[in-house]
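# Architecture and fold: a report
The residues making up each chain are set out below.
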Amino acid sequence: MTSMIEIRGLAKHFGPLKAVDGVDFEVRQGEVLGFLGPNGAGKSTTMKMVTGFLAPSAGTIRVCGHDVSTEPIAAKECIGYLPEGAPAYPDMTPLSFLHFIGEIRGFFGAEKTRRIEEVVRKVHIESVLHQPIDTLSKGYKRRVGLAQALLHDPAVLIMDEPTDGLDPNQKHEVRALIKNMGRDKAIVLSTHILEEVEAVCTRAIIINRGRLVFDGTPAELDGKAPREVVRNRMDWVFRSLTTSEVTEKPGLAAVGGVA
Amino acid sequence: MKNLWSLSKRELASYFATPVAYVFIVIFLLLAGFLTFQVGGFYQREQADLVPFFTWHPWLYLFLVPAVTMRLWAEERKTGTIELLMTLPITLPQAILGKFLAAWLFALVALVLTFPIWITVNALGDPDNGAIAAGYFGSFLMAGGFLAIGSATSAITRNQVIAFVLSVVICFAFLLASFPGFTEFFEGWAPEVISEAIGSFSFSTHFDAISKGVLDLRDLVFFGSVIAFFLFLNALILEAKKAE
């Protein structure tokens, strides 16, 4: 159980706006961390800093023991990243796209072909391999993005809303895939769906206005809701931590439904 | 090195994935032919050289190079692939050079396809092929200068049309730098050193000598420095604007 991601005092300011304001957490191997928070809370910004896309205003990030600011290449080599919206070159086919990613990740010849075949099977994109990415459905695009992130079998996997826009079957498939990989990787995924946290995550953190407001297991998150709340208990906790609304109205009825 | 080639290869393939590359090459060849034979009076001059061909290259590049470079970074930013690219284990200089080299190779392909004009002039007379080779080399180098400007401007915006217009304007200023109307504007109030310095940044002045077959080290250094400077600027712009 070694720590694969270590974040200390992380901050990012855009002018006067403090998008991320002093965040600390660690992710160990074998953990699947659900990264929660309202829109604009700083989830994506944090992920962009961990993956080396944005430079932090303050604090340090170590991935696989490498400082992202001073050894960016070594850190990026051990990360697989699915950015928000799963961007990919629209003119390319998934196959040529994966060949490109493979070469950049240092695979050539038979090794490259083997890895591409393996990952294509894993995310089920066999049928669209020769179609321009531009013409693919949202679900397929997401899976191509996932294939790209998994190609080098990274020790650390970071996914910004991996199931956003997928239909229930696809969601189920992606969750099973994540759960399956969770044993030997450190995985961070952001999501708005709290059942997803319960289904795949071993731990959850909630960020609000750039600060951590919860860090614990899904069960602990669930346990924070009063006994009166029967349905959507996690939603209730989420709302009580990220808005002032819930705590001000002890009635609870509007939120979770009372038994 | 391997990374650089993978990046260039992908970029170059994307030119040919859409009709852009073919349209560009056909228009470049048609315009080059038209300007050389109709406007430049290739036959009427009765001289076996390619001066009327090379003379037009700065003007051809003025509009065609920005069309090649406008998508380089603007499209990466618009589709969000820049986030993917910059989180792959490559360095920023590799990413910039990879794209630039792809565009430069593409320009080389267009230039090489003008070879019938070289065959024509050799069939009609006995030209100085050394001078022609120098002209081609100079033209290629100048294309690099324009491409570097275009690449840097493309990083400023997510909008390809804005990138195109901006880089035409900047390239135009570099072309005109030595023209009387342009230098006179400075002569009235700026010290002579400054108006001369501005004039010395002119692409036309540096290319004129090369197009006549004179390879002067100073001209080569000039285009080399323009390329290096604008690619460096490209890196600064990307670093500052990639998050937007």
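Now for a quick tour of the structure. Values in this document were obtained by computation on a predicted structure and should not be read as measured data.

Each value, and the rule that gives it
- Residues numbered from 1 in each chain as written.
- Chains lettered and ligands numbered in written order.
- Predicted model: local features only at pLDDT ≥ 70, side-chain atom pairs only at ≥ 80, totals over all residues.
- Helix = DSSP H or I, 4+ residues; strand = E, 2+ residues; numbered from the N terminus.
- Rg over C-alpha atoms; globule rule 2.2 N^0.38 Å.
- Buried ≥ 20, exposed ≤ 12 C-beta atoms within 10 Å, placed from the backbone.
- Contact = placed C-beta atoms within 7 Å.
- Nonpolar A, V, L, I, M, F, W, Y, C, P; charged D, E, K, R; others polar.
- Pairing = 2+ DSSP bridges.
- Right-handed = clockwise from strand over helix to strand, strands pointing away.
- Axes fitted to C-alpha atoms, helices over the stretch in contact; angles between N-to-C directions.
- Parallel < 35°, antiparallel > 145°, perpendicular 65-115°, else oblique.
- Left-handed = near helix turned anticlockwise from the far one by under 90°.

Bringing the overall build of chain B into the picture now. Looking only at helices and strands, chain B has 14 helices and 0 strands in total. Each helix and strand of chain B, ordered N terminal to C terminal, gives the series α-α-α-α-α-α-α-α-α-α-α-α-α-α. What you see for chain B is a C-alpha radius of gyration of 19 Å, in line with the 18 Å of a compact globule of 244 residues. In chain B, which comprises 244 residues, the share counted as buried stands at 39%. In chain B, the proportion of contacts linking residues at least 24 apart, taken out of those at least 6 apart, comes to 80%.

Counting residues at the interface gives 18 residues for chain A, matched by 18 residues for chain B. For the side of chain A that touches chain B, the secondary-structure elements that each account for two or more residues are α2 (72–77) and α3 (94–104) of chain A. Classifying every residue of the side of chain A that touches chain B gives 11 nonpolar, 3 polar and 4 charged.

Judged from the 5 bridges that link them, strand β9 (residues 203–208) of chain A and strand β10 (residues 211–216) of chain A form a sheet pairing that is antiparallel. If you follow N208 of chain A over to β10 of chain A, its bridge partner there is R211 of chain A.

Below, the discussion takes up the environment of P226 of chain A. Looking at the element boundaries, P226 of chain A is found in the loop between α8 (218–223) and α9 (233–242). For the pair P226 of chain A and V237 of chain A, spaced 11 residues apart in the sequence, the C-alpha separation amounts to 9.0 Å.

Another aspect to go through is the pairing of strand β7 (residues 156–160) of chain A. One face of the sheet, then the other: side chains in a regular strand alternate in exactly this way. Residue and element names in this part refer to chain A. Judged by how many residues are buried, β7 sits mostly within the fold: 5 of 5 residues are covered. Side chains of β7 alternate between two faces, with V156, I158 and D160 and L157 and M159 buried alike. As paired elements, strand β6 (residues 79–82) and β7 share 4 bridges and run parallel to each other. Across the sheet, the residue bridging to L82 is M159, located in β7. In terms of strand pairing, β7 meets strand β8 (residues 186–190) through 5 bridges, oriented parallel. Following the sheet pairing, V156 is matched in β8 by A186. Between β7 and its parallel partner β8, the chain crosses via helix α6 (residues 168–181), and the hand of that crossover is right-handed.

To continue, consider the environment of V65 of chain B. Residues and elements named next belong to chain B. With respect to the helices and strands, V65 occurs in helix α4 (residues 57–69). Looking at V65, the number of C-beta atoms within 10 Å reads 26, which means it is buried. Each C-alpha atom, one on V65 and one on A103, is 8.9 Å from the other, the two residues being 38 residues apart in sequence. In contact with V65, not counting residues within four places along its chain, are A143, F146, L147, G150 and C171.

Residue and element names in this part refer to chain A. At a closest axis distance of 10 Å, the pairing of α3 and helix α4 (residues 109–123) adopts a crossing angle of 125°. Comparing their axes, α4 and α3 come out oblique. The element α3 and its partner α4 pack so that their crossing is right-handed. Residues L98, H99, G102 and E103 of α3 lie in contact with α4, whose contacting residues are K112, R115 and I116. Residue composition of the contact of α3 with α4, grouped by class: 2 nonpolar, 2 polar and 3 charged.

All names here are of chain B. Take F100: it is sitting in helix α7 (residues 92–112). Residue F100 is classed as buried on the basis of its C-beta count, with 25 C-beta atoms lying within 10 Å. Sequence separation between F100 and G144 is 44 residues; the distance between their C-alpha atoms is 8.4 Å. Once residues within four sequence positions are removed from consideration, F100 is found in contact with L147, A148, S151 and L231.

It is worth spelling out the sheet that holds strand β2 (residues 17–28) of chain A at this point. Residues and elements named next belong to chain A. The antiparallel open sheet is built from 4 strands, whose spatial order is β2-β1-β4-β5. The strands lining the two open edges of the sheet, one partner per strand, are β2 and β5 (66–67). For strand β1 (residues 3–14) and strand β4 (residues 58–63), the ladder comprises 5 bridges, and the chain directions are antiparallel. When the sheet's bridge partners are listed, R8 is paired in β4 with T60. Where helix α1 (residues 43–50) meets the sheet, its contacts fall on β1, β2 and β4, and the angle it forms with β1 comes to roughly 120°.

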